[in-house]
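These are the residues of each chain, in order.
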Amino acid sequence: MNDAAGGSRTLSPLVERIAGRGAAAWALHQEAMTAKRRGEDVVVMSVGDPDFDTPPAIVDAAVGALRSGDTHYTPIVGRPSLRTAIARRHAARTGLNVEPDRVVILAGAQNGLFACALCLTAPGDEVVVPVPMYVTYEATIGAAGARLVPVPCDAAQGFRPDLERLEAAVTPRTRALFFANPNNPTGVVMNRRELEAVADLARRYDLWLVSDEVYADLVFDGAHLSIAALPQMAERTVTVSSLSKSHAMPGWRTGWAIAPPVLVPHLANLALCMLYGLPGFAQAGAEEALTGSDADSSRMRDHYRRRRDAVLDALAEVKGIRCFKPQAGMFLLLDVRGTGLTSAEFARRLYRASGVSVLDAAPFGAADGLVRLSFSAEEAQLEEGCRRIAAFVAGLNKP
Ligand SMILES: Cc1ncc(COP(=O)(O)O)c(C=O)c1O
């Protein structure tokens, strides 16, 4: 590879593995955000960034910490009080006895997923992932040198995990299964039977499980069950989560991994050379989020539920497109095959024609013909976005 100055210094092959569809997926979104910042009339439905501000008590805790000089290095794996708060929360949800020293504080769930990929897999290993999946998984697993083996979940089955296909994808090289429960972009919440089948698979083939639970607090229909709660699963499961979605804190980068004891020292070593501790004031805010009232968090969940229902209603009668109802989260998939456009064309042309940004779901591992729409924007924006989508689709149907 030659650089602009004609040098021939090579880059790591890693750079190829972290490029590609996942990185490219955001191009249209970035374009929309740039236009929005310029004051143009765009409706951003392409990202899951809560439009709520972080609740004031959390901000106050962080500001107070800053003012009192909490600007120094912090313990690499996180402050004991925050690790304790996370362990208690996980214990309350799973019924497990969770020691705080199983918790490693990291810079968001994304950082947690990355740390898991590096510490659990090696070049040549395979990681089975039900798809559609969150768009960063491919590069995250690829960064470790492992290979992501996608296992399709069909739209016709409501994107529920296909357990036979999952098992058929396991080979002697399979090291782990990564999955988001609830899922982004499908909004599927795995039920007990599905989780038990995955647990059984993990036991029989001796696999690690990485359970990404960033939307666990945003379940609208049914209850969330953490796979770590199932018998013998805590010893092979890393539960990754964060406050980004539940407490409208994506910019704080407050996340964690709850890992079996055998893995914790290695995650700690990685945290040491990768992150060197999360800012103390961010940890102070996170602790307030986890120990204070959960009224704000439930209020936001109610908003998301109403927004989901409003989008489903607004698009229900639009000929040529079909929404899949999510059980959780802040996204839904839209089947656009009836318009005759590919999903990439639909997203591009919709944006050009009406300034509404949605994402082609293909980089999420979805079959062609699906786009992902976020309902994290406020109600009036969503209403306007849906109105424009309906008008765009109607325009396509005209001769
Ligand atoms: C399924 C899933 N996992 C992980 C993340 C990353 O979250 P965080 O902000 O905690 O890094 C996201 C963000 O959208 C997500 O949707």
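Residues numbered from 1 in each chain as written. Predicted model: local features only at pLDDT ≥ 70, side-chain atom pairs only at ≥ 80, totals over all residues.

### Some words on the nonpolar core
Counting residues in hydrophobic clusters, the biggest one holds 124 residues, and the most contacted among them are Val104, Cys116, Ala257 and Val371. When residues are assigned to domains, this core turns out to be shared by domain 1 (14-53 + 295-397) and domain 2 (58-291), each giving three or more. (Core = buried A, V, L, I, M, F, W, Y, C linked by C-beta atoms within 7 Å. Buried ≥ 20, exposed ≤ 12 C-beta atoms within 10 Å, placed from the backbone. Domains from an automatic or database assignment.)

### Observations regarding the sheet that holds strand β10 (residues 331-335)
Taken in spatial order, the four strands line up as β9-β10-β13-β12 in an open sheet, and their pairing is antiparallel. Each of the sheet's edge strands pairs with one partner strand only, and the pair in question is β9 (322-323) and β12 (359-360). Pairing of β9 with β10, which is carried by two bridges, proceeds in the antiparallel orientation. Among the inter-strand pairings, Cys323 is bridged to a residue of β10, identified as Leu334. (Pairing = 2+ DSSP bridges. Helix = DSSP H or I, 4+ residues; strand = E, 2+ residues; numbered from the N terminus.)

### Examining the environment of Thr94
Within the fold, Thr94 resides in helix α5 (residues 80-94). Sequence separation between Thr94 and Ile227 is 133 residues, and the spatial gap between their C-alpha atoms is 8.5 Å.

### Observations concerning the domain arrangement of the protein
Once the domains are mapped, the protein shows domain 1 (14-53 + 295-397) and domain 2 (58-291). The gap between the C-alpha centroids of domain 1 and domain 2 is 25 Å. For the side of domain 1 that touches domain 2, the secondary-structure elements that each account for two or more residues are α1 (14-17), α2 (21-24), α12 (295-316) and β10. The greatest single-element share of the side of domain 1 that touches domain 2, amounting to six residues, is contributed by α12. The residue makeup of the side of domain 1 that touches domain 2, split by class, is 20 nonpolar, seven polar and nine charged. (Nonpolar A, V, L, I, M, F, W, Y, C, P; charged D, E, K, R; others polar.)

### Looking at the site of the ligand
Around the ligand lies a shell of 13 residues, among which Gly108, Ala109, Gln110, Ser242 and Ser244 are the nearest. Broken down by element, the shell around the ligand gets its largest block of residues, three residues, from helix α6 (residues 108-120). Grouping the constituent residues of the shell around the ligand by class yields five nonpolar, seven polar and one charged. (Near = placed C-beta within 6 Å.)

### Description of unusual backbone geometry
Negative phi characterises most residues that are not glycine, and trans characterises most peptide bonds. Here the bond from Val131 into Pro132 is cis, since omega is 5°, no more than 30 degrees from zero. By the secondary structure assignment, Pro132 is in the loop between β3 (126-131) and α7 (137-143). Look at the link from Asn184 to Pro185: it is a cis peptide, with omega at 20°. Looking at the element boundaries, Pro185 is found in the loop between β5 (174-180) and α9 (192-205). Not every positive phi belongs to a glycine, and Arg253 is a case in point at roughly 55°. Structurally, the position occupied by Arg253 is in the loop between β7 (237-242) and β8 (254-258). A residue is classified by how many C-beta atoms lie within 10 Å of it, and Arg253, with 20 of them, is buried. Of note in this structure, Tyr276 is not a glycine but carries a positive phi near 60°. Take Tyr276: there are 10 C-beta atoms within 10 Å of it, and that puts it in the exposed class.

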